[in-house]
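So you can see what is in the structure, the chains are spelled out below.
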Amino acid sequence: MLQYRIIVDGRVQGVGFRYFVQMEADKQKLTGWVKNRDNGTVEIRAEGPEESLKQFLKAVQKGSPFSRVTNVTFEETKQLDGYQKFNISY
């Protein structure tokens, strides 16, 4: 089990990107959260098995049909916060 801390740049606010991220996390059975940041980026914390996180990251890098992802940075950590499900934070 790992946690990915992800920052996504591009046209990712106001286009349903957080809902897309939540659906992808649910597909991979990940826990954590996604939220918009004041600087126009989106922040994600996702926990789960390494292979599931890798598949999730690929989907996030591709983006949703209405988004345009220009940059994704992520950090992998073994520190887990023990989320129970995947939520959209406001």
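Above this text sits the structure in question.
Just so you know, the residues in each chain are numbered from 1, in the order the chain's sequence is written. Local features are withheld for residues below a pLDDT of 70 in this predicted model, meaning they are given only at 70 or higher, and side-chain atom pairs are given and counted only at 80 or more; totals for whole chains, interfaces and linings count all residues. By convention in this description, side-chain values take in all heavy atoms of the structure and omit both hydrogens and water.

A. Fine view of the packing of helix 1 (residues 17-27) against helix 2 (residues 50-62). The convention used is that axes are lines fitted to C-alpha atoms, helices contributing only their stretch in contact, and that angles between N-to-C directions extend from 0 to 180 degrees. What counts as a helix is a DSSP run of H or I of at least four residues, what counts as a strand is a run of E of at least two, and both are numbered from the N terminus. Where helix 1 contacts helix 2, the two axes come as close as 10 Å, and the packing angle between them is 160°. By the angle class used here, helix 1 and helix 2 are roughly antiparallel. Crossing handedness for the pair helix 1 and helix 2: right-handed. Across from Phe17, Phe20, Val21, Glu24 and Ala25 in helix 1, the residues of helix 2 making contact are Phe56, Ala59 and Val60. Throughout this description, any angle smaller than 35 degrees is read as roughly parallel, any larger than 145 degrees as roughly antiparallel, any in the 65 to 115 degree range as roughly perpendicular, and the remainder as oblique. Helix crossings fall into two classes, left-handed where the near helix is turned counterclockwise from the far one by less than a right angle and right-handed where it is turned clockwise. For this analysis, residues touch if any pair of their heavy atoms sits within 4.5 Å.

B. The side chain of serine 67, seen in detail. Position of serine 67 among the secondary structure elements: in the loop between helix 2 and strand 4 (68-77). Take serine 67: its relative accessible area is 10%, and that puts it in the buried class. Within 3.5 Å is the distance limit for a polar contact, defined as a pair of N or O atoms, with the added protein rule that one can donate a hydrogen and the other accept it, and that residues adjacent in sequence qualify only through two side-chain atoms. In this structure the side chain of serine 67 is engaged in a polar contact, spanning 2.9 Å, whose partner is the backbone nitrogen of serine 64. Setting aside residues no more than four positions away along its own chain, serine 67 makes contact with Arg11, Val12, Val15 and Phe17. For every residue, the accessible area obtained with a 1.4 Å probe (protein chains only) is divided by the maximum for its type, and the residue is called buried under 20%, exposed over 50%, and partly exposed between those limits.

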